[in-house]
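# Survey of secondary and tertiary structure
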Amino acid sequence: MPMEKNFDAASAEARISSLWQERKVGAAGANARAGSPAFSIMIPPPNVTGSLHMGHAFNNTLQDILIRWHRMRGHDTLWQVGTDHAGIATQMVVERELAKSGAPSRRDMGREAFLAKVWEWKDQSGGTIINQLKRLGASCDWDREAFTMSGNFPDAVTKVFVDMYNKGLIYRGKRLVNWDPHFETAISDLEVENIEVAGHMWHFKYLLAGGESYEYIERDAEGAVILRERRDYISIATTRPETMLGDGAVAVHPSDARYAAIVGKMVHLPLCDRLIPIIADEYPDPTFGSGAVKITGAHDFNDYQVAKRAGLPLYRLMDTRGHMRSDGAGYDVAVARAREIAAGAEATESEIDALNLVPEKYRGMDRFAARDAVVADINALGLCVSTLMTEIDPETGSEHLTREPYVESKKIMQPFGDRSKVVIEPMLTDQWFVDTAKIVGPALDAVRSGATKIMPESGEKTYFHWLENIEPWCISRQLWWGHQIPVWYGPTSLNLAGKEFCGATEQDVANEAKAYYGNILKTEINVEFPSEEFFAEIGVGDDGRDAAMAISFNENGSHTIRLRRDPDVLDTWFSSGLWPIGTLGWPDQTDELAKYFPTSTLITGADIIFFWVARMMMMQLAVVDDIPFKTVYLHGLVRDAKGKKMSKSLGNVIDPLEIIDEFGADALRFANAAMASLGGTLKLDTARIAGYRNFGTKLWNACRFAEMNGVWEGHSTETAAPAAHATANKWIIGETAKTLAEVNAALEGYRFDQAADALYKFVWGKVCDWYVEFAKPLFDGPDANETRKTMAWVLDQSMILLHPIMPFITEDLWGQTGARAKLLVHTDWPEFRLDLVDPSADQEMSWATGLIDEIRSARTQMHVPVGLKLDMIAVTMSDAARAAWGRNEVLIKRLARIETLTQGTSPKGAISIAVEGASFALPLDGVIDIAEEKARLSKAMDKLAKEIGGLMGRLNNPAFVASAPEEVVDEVRTNLEARNDEATKLTLALNRLAEMG
RNA sequence: GGGCGGUUAGCUCAGCGGUAGAGCACUACGUUGACAUCGUAGUGGCCACUGGUUCGAUCCCAGUACCGCCCACCA
């Protein structure tokens, strides 16, 4: 049955994909030869919520290319697949789904029920992206699919937490953290995007207490006085007026002469019945604004540091949703206590945190509404540093003076949650941290020493820079979907301080608690893990974890200690940070762990170098004292054809599945490989994908031609190149060997683009453009059998070499041609060498193709009809040229459309052709336009003259001859000789034309 | 403000001390024994700018301009 005219991607991909899955071609170790090296890649786990986008398609194409290449080479290969539970993202999606379907909200249904919903959702749609990976042709070990919340993963995560806790690498503390008021959770620094927005800065007066005043002197840069006045206030500036309610002080720089006299004095905090001190601190910049800064320790990272240094109380103003607090006692009570504390009364951190110093008026207001209210109220008090401004009415054009609160419009950098897109609030809360400073060392050393290599090299600089300045990593999240922190809190009771217990299992924790409480009680203790309801009952909320919990006395005289588990979950990146060992079965010492770890290569987006790569490095080194991967390949974001980021709002998102539907997975994969140059930007153009689809068609049809000519008939697949006699066969065998070497070298160096390029040029430029054409006459000649064998071999090699990049079409072709022992996916990668290259065959073919090019070019320019066969005259011919002609006559004649070749002189009205060692004439009396031929030859002469000029110039420069390497000089000399030879021939031809007039 | 990268044909990108490359687009011709998802032949480049190193620079170095990305607490 003859082959179809075109590759049917849609049906072939479905058929081949299921064939591969049935045969488990991607199973760990499949096609491995005994004693071969291991090669392993961990897939960057996509979010279970996700679907395949172009970044995934690109990233996974590269991984699959490497995996298939190594697998075909007989290496013991593992491509570990799996998905990430993606805490915030998944919780967000499920909450949205619930809202859409009118189900009760997360809070209404409670933690347990909500988590059941998430699992339900995960089970029903979590497989989407896995199936999409299959459509791309990814050859993972599907049976090993992992999930960061399943299998051994929860245990592994818990064990790591407990170990790190016990080593003092994880600690809990009340810190100022980035708080997302939408998701009501802390997030890490990395999850905050600082974006420049149009903002405002207000200037307020804080009046000195007791009606005091001072002389304020402003000087210019030269020290000359430019302003001198008595002031009873200090001027401060802020972009966030609502936070002034929590101010603890006003700070000025110690060297700032303007305020030296009032440092230590108190000022009235507007809108609040509190006095705060003016303090000196290095932080304020005297040259910026008024030089005085209000200090709100609980709502600003800089102020927090100042407050810590000065021992100022940290007054929290907002609740978890970013509304002004409405909890706790009334304002009067709170402010009275705050005054006592200011006067020196002892107060614990948690007591201060419990104080709600938001005046009643603002309580419950959204932070932005509170901002407006505070500004309005301060303005009403006349405490805005205001200025008379001339306002022009845009309609009447009349001018009038207004007194406006002094507000500058300016660009400010504002922090936004990368998921929620709401403004992040610095918030004082209890959180868990990894003491990264303690584990960063080995991660730095591993890259410095080259144990782990990051490509491109610029990635290493980024990596170093971040790790050298690393901040503690906030790993607790106030979410429900995730790995719950394995810490339980015991009550303060029976003369014992409350205590936290960290353990891998509830039993471990129970034992620890028994030991702690039991030693005192000397009686049996039942440790129970109470429910949320229990805590609701005894009135302990989230913030009450340290408070006395519960201890109940049972009737029989024993005591029941109730421990409460920390409700927080871990940052998703904490668990995905363990992906390499976790997926291999750790903490069990599995065979896979022994074989495939450390993994060979990580291919991932440069955007998650900090989130993931650096953390995997730190975590793996901290936990198993080994690097997670030897090579890290970082790539950029896939952009659209114009270089724009793909985004839904821009409407320029290219869906890889639509591309696969339209052009086939192979075309997309080839395009991905072709644009994967190291460090470049990735601009994806569908025109380019179409081009590579065409490339597939081209290969398909070359095979179709071969099949029609029965090249595979009677031959089983041969791995060794056939012995060839015909120059064209020798040549294409050599070209195949060169291509193999190029592809190997390219993939070795992660130059997917060069591998793709080499294959494209070989298959299209050599095999299809020349070899198939040569084969046509050869099939009718004495070398027919050899040519068939050669063509079968060359096309087999083409399929093999292309398979890692274009697996579907090559597997399909493999099945439709020849008798095959194995599927192509498991066929051995060839090992032939460059000694298959025959230099004399190479030279001869380049002479022949050069001659054909010249003749074709001349014919076209002279408007010789394509179908017209010409007789050609050899005017001069060297022995070498004569021999080359002799061996390739049939090919040249056919491709150049030459009828006969005779010896002779150039007749009147002929086209002249000059090549190395020979000159020819195509008699076309009456057919050609002499003027046109003259122009053609002149143009060629001009080009030659320019080249000759350049070459002569170099040779005439004594410095060049003296300093340049000998081979370069020689090359220039031989080059010049050849060009001169051609020029002579062309001159002769031109002279002849001149004679004819 | 700091760091990194880019600037090569109309477009998207390779290249790299020794005569500028590919794909797409464009022009002309073409039902040539696989392929119109094609063939043949062409058009098209002061390789951003200015200096320096060198026998020789698109390539190395320094600076300038423009563009992009990452990081950063100026109230």
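An account of the accompanying structure is given in this report. This structure is a prediction, so every number in the text was calculated from the model and none was measured.

About the cut-offs
- Residues numbered from 1 in each chain as written.
- Chains lettered and ligands numbered in written order.
- Predicted model: local features only at pLDDT ≥ 70, side-chain atom pairs only at ≥ 80, totals over all residues.
- Heavy atoms only, no water.
- Helix = DSSP H or I, 4+ residues; strand = E, 2+ residues; numbered from the N terminus.
- Rg over C-alpha atoms; globule rule 2.2 N^0.38 Å.
- Buried < 20%, exposed > 50% of the residue type's maximum accessible area, 1.4 Å probe, protein only.
- Contact = heavy atoms within 4.5 Å.
- Areas by Shrake-Rupley, 256 points an atom, 1.4 Å probe, with all protein chains shown as cover.
- Expected span 1.5 Å × (residues − 1).
- Bend = angle between axes of the 7 residues up to and from the residue.
- Core = buried A, V, L, I, M, F, W, Y, C linked by side-chain atoms within 4.5 Å.
- 1 Å grid on protein atoms, 1.4 Å probe; cavity = no way out; pocket = protein on both sides within 12 Å on 5 of 7 lines; lining within 4 Å.
- Points joined across faces, edges and corners; volume = space filled by probe spheres on them.
- Nonpolar A, V, L, I, M, F, W, Y, C, P; charged D, E, K, R; others polar.
- Near = heavy atom within 4 Å.
- Polar contact = N/O pair within 3.5 Å; in protein donor to acceptor, adjacent residues only side chain to side chain.
- Phe/Tyr/Trp six-rings, centres within 6.5 Å; stacked < 30°, edge-to-face > 60°.
- Lys NZ or Arg CZ within 6 Å of the ring centre and 35° of its normal.
- Salt bridge = Lys/Arg side-chain N within 4 Å of Asp/Glu carboxyl O.

## Observations concerning the overall build of chain A
The helix and strand tally for chain A stands at 30 helices and 36 strands. Relative to its length of 997 residues, chain A is extended, with a C-alpha radius of gyration of 39 Å against a globular reference of 30 Å. Here the C-alpha coordinates of chain A stretch approximately 120 × 85 × 60 Å along the principal axes. Evaluated residue by residue, chain A yields a buried proportion of 53% over its 997 residues. Restricting to contacts in chain A with at least 6 residues of sequence separation, those with at least 24 account for 77%. Approximately 43700 Å² of chain A is accessible, and the part contributed by carbon and sulfur atoms is 50%.

## Considering helix α4 (residues 106–125)
Helix length check: α4 (20 residues) gives 19 Å between terminal C-alpha atoms against 28 Å at 1.5 Å per residue, more than 12% under. Largest kink in α4: about 80 degrees, centred on glutamate 112. Those residues of α4 that fall on the buried side of the exposure criterion are Arg106, Met109, Gly110, Arg111, Phe114, Val118, Trp121, Lys122 and Ser125. Buried positions along α4 lie against α3 (87–100), α5 (128–136), β4 (146–147) and β28 (569–570).

## As for the nonpolar core
Phe161, Tyr463, Leu467, Phe574, Phe752, Met791 and Trp847 are the most contacted members of the largest nonpolar core, which has 196 residues in total. The element that contributes the greatest number of residues to this core is helix α23 (residues 752–779), accounting for 15 residues. If we skip the residues at most four places from it in the chain, methionine 791 touches Phe705, Ala706, Val711, Tyr771, Val772, Ala775 and Phe779. Judged by nonpolar contacts, the second largest core, of 47 residues, contains Cys272, Ala373, Val374 and Val375.

## Overview of helix α2 (residues 54–72)
The end-to-end C-alpha separation of α2 is 27 Å, in line with the 27 Å expected for 19 residues at 1.5 Å each. Two residues or fewer past α2, glycine 74 is found with a positive phi of approximately 85 degrees.

## Some thoughts on the layout of surface pockets
In this structure, the second largest pocket spans a volume of roughly 1400 Å³. Lining the second largest pocket are 47 residues; nearest its centre among them are His299, Asp300, Phe301, Asn302 and Pro426. When contributions to the lining of the second largest pocket are tallied by element, the ones reaching two or more residues are β5 (170–180), β7 (192–207), β10 (233–238), β14 (292–295), α7 (301–310), β17 (407–417) and β18 (425–434). Here the residues of the lining of the second largest pocket are counted per class, giving 23 nonpolar, 14 polar and ten charged.

## Focus: the protein's contact with RNA strand B
Close to RNA strand B lie 59 residues, the nearest being Phe288, Lys683, Thr697, Trp764 and Arg894. Backbone atoms, meaning sugar and phosphate, form 50% of the atoms of RNA strand B found within 4 Å of the protein. The contact in question runs from a phosphate oxygen of RNA strand B to an N or O atom on the side chain of tryptophan 764, over 2.6 Å. Asparagine 957 is positioned such that a nitrogen or oxygen atom in its side chain is 2.7 Å from a sugar or linking oxygen of RNA strand B. Where the surface near RNA strand B is concerned, the elements lending two or more residues are β10, β17, α21 (686–708), α23, α26 (839–861), α28 (930–956), α29 (958–963) and α30 (966–996). Element by element, the count of residues in the surface near RNA strand B is highest for α21, at ten residues.

## Details of the packing of aromatic side chains
One pass over the full model with this rule turns up 31 aromatic pairs. Members of the aromatic cluster, each reached through a chain of ring pairs, are Phe161, Tyr165, Trp432, Trp473 and Phe574. Over the aromatic face of phenylalanine 433 sits the side chain of arginine 175, whose NZ or CZ is 5.9 Å from the ring centroid. Arginine 615 extends its terminal NZ or CZ atom over the ring of tryptophan 473, reaching a point 4.1 Å from the ring centre.

## Some remarks on the pattern of salt bridges
Under the defined criterion, the tally for this structure stands at 55 salt bridges. Residue glutamate 468 pairs with arginine 448 through a salt bridge whose shortest N-O separation is 3.0 Å. Separated by 20 residues along the polypeptide, glutamate 468 in helix α12 (residues 458–468) and arginine 448 in helix α11 (residues 436–448) bring together distant segments of the chain. A residue is classified by how much of its surface remains accessible, and glutamate 468, at 46% relative accessible area, is partly exposed. On the basis of relative accessible area, arginine 448 is assigned to the partly exposed category, the value being 48%. Among the salt bridges present, the one from arginine 979 reaches glutamate 982, with a minimum N-O distance of 3.3 Å.

## Some remarks on the environment of asparagine 6
Relative to the helices and strands, asparagine 6 is located in the segment before α1 (9–23). Look at asparagine 6 and you get partly exposed, because its relative accessible area is 46%. If sequence neighbours within four positions are ignored, asparagine 6 has contacts with Thr697, Trp700 and Asn701.

Everything listed here is a matter of coordinates, which is why it stays silent on function.
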